[in-house]
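# An overview of the molecular structure
Here's the letter readout for the chains.
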Amino acid sequence: MEYTGSQYQGERREDRLEGKGEYILPTETRYEGEMKDGMFHGQGTLYFPNGSKYEAQWDSGIALEGKYTFADGLQFEKEKWPYCDGYDRRFYTEICHGLKPAGRSQLTNLDPPRKIPEDCYDCGDGFYDPVSRVVNDYQHRFLRNAGQSIQLLHSVLSC
């Protein structure tokens with residue numbers, strides 16, 4: 001191992017890597033699990049530097065079956081994978097955080113967005129009605145009379 005740059009901490013038998021242990025490769029990829037005769041053998045997980053991992057059942061260094069999980073928690077599925085298909089090209093983190101797919105409008109981070117009456121303007125804490133010149137909250141309760149700055153904004157937006 002001194003020649004390859006790898007490290008091992010764990011059980012040994014007759015000076016061979018055998019039993020449970022942790023094997024760290026020079027690439028900083030590390031394996032935690034069972035070893036036999038210096039090879040991955042039994043249940044074990046490869047942890048990659050980018051945060052992803054591969055959990056598998058190993059036989060003499062060969063993965064018989066396993067599960068790959070990306071760093072963001074998305075699990076890879078070989079068939080019928082519901083992620084990044086022809087209809088929905090979003091990243092998994094975008095799906096988890098509520099970003100809408102192409103073709104579906106998303107005007108705000110709120111889902112569903114606030115209901116603003118037609119011909120009114122969102123003020124952040126309510127909406128401005130240019131006819132009555134007042135700001136109401138989103139439940140249509142009076143908040144304040146509109147000042148000159150809101151009236152100026154309305155005249156600019158109406159152009």
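In this text the structure is predicted, and so the values were computed from the model without any measurement.

## Remarks on the pattern of salt bridges
If you walk through the whole model with that rule in mind, you get nine salt bridges. Residue R30 pairs with E32 through a salt bridge whose shortest N-O separation is 2.1 Å. A residue is classified by how much of its surface remains accessible, and E32, at 32% relative accessible area, is partly exposed. The structure contains a network of salt bridges with shared partners spanning R13, R16, E18 and D37.

## Considering the sheet that holds strand 7 (residues 121-122)
Taking strand neighbours across the sheet as the criterion, the four strands line up as 7-8-9-10 in an open arrangement whose pairing is antiparallel. Across the chains shown, the open sheet's two edge strands, defined by having one partner strand only, are strand 7 and strand 10 (142-145). Pairing analysis gives three bridges linking strand 8 (residues 127-129) to strand 9 (residues 134-136), with the strands arranged antiparallel. Paired with D129 across the two strands is V134, which belongs to strand 9.

## Examining the sheet that holds strand 2 (residues 16-24)
With respect to topology, six strands assemble into an open sheet ordered 1-2-3-4-5-6, the strand pairing being antiparallel. Each end of this open sheet is capped by a strand with a single partner; those strands are strand 1 (7-13) and strand 6 (62-69). This sheet shows a mean twist of 10° between the axes of neighbouring strands, independent of strand direction. Note that strand 1 and strand 2 share six bridges and pair antiparallel. Residue pairing across strands places R13 opposite R16, the latter belonging to strand 2.

## Here we look at the nonpolar core
Grouped together as the largest cluster of nonpolar side chains are nine residues: Y8, L17, Y23, Y31, M35, F40, L46, A56 and W58. Within the residue set of this core, elements represented by two or more residues are strand 2, strand 3 (30-36), strand 4 (39-47) and strand 5 (53-59). Among residues more than four places away in sequence, those in contact with F40 are Y23, Y31, E34, M35, L46, W58, D59, S60 and G61.

Parameters and conventions
Residues numbered from 1 in each chain as written. Predicted model: local features only at pLDDT ≥ 70, side-chain atom pairs only at ≥ 80, totals over all residues. Heavy atoms only, no water. Salt bridge = Lys/Arg side-chain N within 4 Å of Asp/Glu carboxyl O. Buried < 20%, exposed > 50% of the residue type's maximum accessible area, 1.4 Å probe, protein only. Pairing = 2+ DSSP bridges. Helix = DSSP H or I, 4+ residues; strand = E, 2+ residues; numbered from the N terminus. Axes fitted to C-alpha atoms, helices over the stretch in contact; angles between N-to-C directions. Core = buried A, V, L, I, M, F, W, Y, C linked by side-chain atoms within 4.5 Å. Contact = heavy atoms within 4.5 Å.

So yeah, pure geometry; function would need other evidence.
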